[in-house]
Amino acid sequence: MERRLAAIVCADVAGYSRMMGADEAGTHATFKAHRSAIYPIILNHGGRVVKNTGDGFLLEFPSIVGAIEAAIAMQEMMAERNDHLPADRTMRFRLGVHMGDVLADEEEVFGDDVNIAVRLEAVAVPGGVAVSAKAYHEASRHLSTSFVDAGSHRLKNIEETIDVWTWQPGGSKTRGPEPRDISNLPAQYRTAIVGVLPFANLSDSTDEYFSDGLTQDLIHALSLQSFYRVLSRSSTFSFKGKNLSARLIAREIDATYLIQGSVRRAGTKIRVTAELIAPENGEQLWTGRYDKDMGDLFAMQDEITTSLSAAIAPEIYRAEASVPPRSLSTDLTAWDRFLRGLSHYYQQTKSDFEASIALFREAIALDPALSIARAYLATIQVQGVQYGWIKSTHQLWTEAMELAGSSVRLDPRSSFAFSILSYVHAMQSRYEAALDAARKAVELNPYDMGARGVLGICHLVIGEHRQAIELFSMAAQRGNSDPRYQWAALNAFSHYLLGQYDASLSWAREALYLNPDHLQVLAVRTAALAQSGRAEEAAKATEVLLSNFPGLTVERHLRNFPWKSQADIAHYRDGLLKAGVPFGKLALVESVPKRTA
């Protein structure tokens, strides 16, 4: 076991047992949603989740300042989220923070100082933070937030009394245009048809306008995607109030997927539940629940629509990638080949990437007008370079630009097509063109979190890292698990370039969970460890990096980073060199013996 100095944060939910007794499933779902929302805050401050408990979690941070700042940020976010919940569903965390020596065994941490953090959370008021005096005095000169001296406390199973300091919180969008009924895909490729059934109004009849309006807004938001066809309002509202099975409705309107939900109001609070189902077999592919304060009605409705669209659209992509070919003949169509390529892409391995590329090329050869296959082929090629699976060549980037440009020309209303065009422009140092394309992607589909994240990439390459982190974190908080977007890897770079090495390492660790051999993440982790003064760990990380990519040099690696700021490039180079990554290849010259007379 390893012994190390660490900051520990312990959290639990006040009144969790009572809430579980009243609504077990709902309480658990709400807790998971809150935990997902605050997860990026933990990573942004360099932390990691040591353990999830039934009603809380245990976190480890390398810095006590980062631990306290993260605790406050989490509570501020929870206060904001609780504003949108009914009183009986309000969920408040209590957080305890301490620092000291811990024993680490694999991913677990143990010791008296961990136990003190666990006991401290009971001192905190719901929604507040309790920090040991030892931790507070170490961090106080770096904190901009005021704490109150709460005196000495006798904690359960802790021999000595603990001095404690505490903190507790002090104290217009408009509807979009009418949905378009026509998908940008050619008619023969509209294999996925999505129907949004009228959301059931579980309150009195005066709230009917809200449930109908939310349904219509969701139809509009989903129709902005060009991957599938969304049925119009008139196709699905005819089933309003009719007690028919989802399977029967789906067959009546020829829908591949159905979305159904309900709206309930209690005072000024609104609760919306929704689910995505495959009606033929009744499988529930996704479910979600949103509790909001009515406040500005349109703003609240738009926020729920954005959350629903951001969650549902990727699930349809994923479901479509796993379906068997729908072609009745053995000769697969271009669309079937594209879907097969997509199923391999979701596996995220080198061999699957190679299979995807071959199938996307076959789809394009069969139908050169299939825009989405071109966009995905460009995406997978540039991702392959980032992972270290594909060699970066002038020919590859020329083809990626041609694919992205032609995808936009073939489908000028696709936010995805503009997003990949923006990315390729950014990687070739065309900063203004990249920003223009990213802004166009967001304009085309304000509900597309991928487009907002790509706008963040533009900010990253021009050196505006705080704006980049804000956009990356927003995309990550929406729960977007689409493999087209690597928010963890991008966050690792932005935090590194701001000198926030602990946060960079947290995001790098997150990215490596999904892809342990990601070239660029292995490299930025190595640089961050070196800049943090963790020489021994940096040397081990360098060894892992070079064993995976034996020919890697700093000189060659930096060719794939078209950052506008020379200071950013120098900063990254310095970290890699400090870690011991070789700058360039040395030419070995044989010595020629002198000739004697």
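These lines cover the structure that appears in this document, whether it is placed above or below.

The rules behind the values
- Residues numbered from 1 in each chain as written.
- Predicted model: local features only at pLDDT ≥ 70, side-chain atom pairs only at ≥ 80, totals over all residues.
- Heavy atoms only, no water.
- Helix = DSSP H or I, 4+ residues; strand = E, 2+ residues; numbered from the N terminus.
- Buried < 20%, exposed > 50% of the residue type's maximum accessible area, 1.4 Å probe, protein only.
- Polar contact = N/O pair within 3.5 Å; in protein donor to acceptor, adjacent residues only side chain to side chain.
- Contact = heavy atoms within 4.5 Å.
- Phe/Tyr/Trp six-rings, centres within 6.5 Å; stacked < 30°, edge-to-face > 60°.
- Lys NZ or Arg CZ within 6 Å of the ring centre and 35° of its normal.

1. As for unusual backbone geometry
Stage number 1. Non-glycine residue Gln348 carries a positive phi angle of around 55°.
Stage number 2. Its location among the elements puts Gln348 in the loop between helix H10 (334-345) and helix H11 (350-366).
Stage number 3. For Gln348, a relative accessible area of 18% gives the class buried.
Stage number 4. Positioned with a positive phi, Ser429 is a non-glycine residue whose angle comes to about 65°.
Stage number 5. Its place among the elements puts Ser429 in the loop between helix H14 (415-427) and helix H15 (431-444).

2. Regarding the side chain of His459
Stage number 1. Residue placement: His459 occurs in helix H16 (residues 449-461).
Stage number 2. Taking relative accessible area as the criterion, His459 reaches 14% and is therefore assigned buried.
Stage number 3. Polar contacts involving the side chain of His459 include one to the side chain of Glu464, which spans 2.6 Å.
Stage number 4. With residues up to four places along the chain from it excluded, the contact list for His459 reads Glu464, His465, Gln467, Ala468 and Leu471.

3. Topic: the side chain of Thr236
Stage number 1. Tracing the backbone through its elements, the reader meets Thr236 in helix H7 (residues 233-236).
Stage number 2. According to the relative accessible area criterion, Thr236 is buried, its value standing at 0%.
Stage number 3. Residues in contact with Thr236, not counting those within four places in the same chain, are Gly195, Val196, Leu197, Pro198, Ile219, Leu231 and Ile253.

4. Describing the packing of aromatic side chains
Stage number 1. Summed over the entire model, instances satisfying the criterion amount to 25 aromatic pairs.
Stage number 2. Look at Tyr345 and Tyr376: their rings are 5.8 Å apart centre to centre, the planes differ by 80°, and that puts the pair in the edge-to-face class. Of this pair, Tyr345 sits in helix H10 while Tyr376 sits in helix H12 (residues 371-387), and the two are 31 residues apart along the sequence. By the burial criterion, Tyr345 is buried, and Tyr376 matches it.
Stage number 3. Taken together, a centroid distance of 5.8 Å and an interplanar angle of 75° make the contact between Tyr496 and Tyr572 edge-to-face. Residue Tyr496 is located in helix H18 (residues 487-497), and its partner Tyr572 is located in helix H23 (residues 566-579); the two are separated by 76 residues in the primary sequence.
Stage number 4. The exposure class of Tyr496 is buried, given its relative accessible area of 0%.
Stage number 5. Chaining the aromatic ring pairs together yields one cluster made of Trp335, Phe338, Tyr345, Tyr346, Phe353, Phe360, Tyr376, Tyr387, Trp389 and Phe416.
Stage number 6. Seen from the ring of Phe237, Arg233 lies directly overhead, with NZ or CZ sitting 4.0 Å from the centre.
Stage number 7. In this structure, Arg484 is placed above the aromatic ring of Phe416, and the distance from its NZ or CZ to the ring centre is 4.3 Å.

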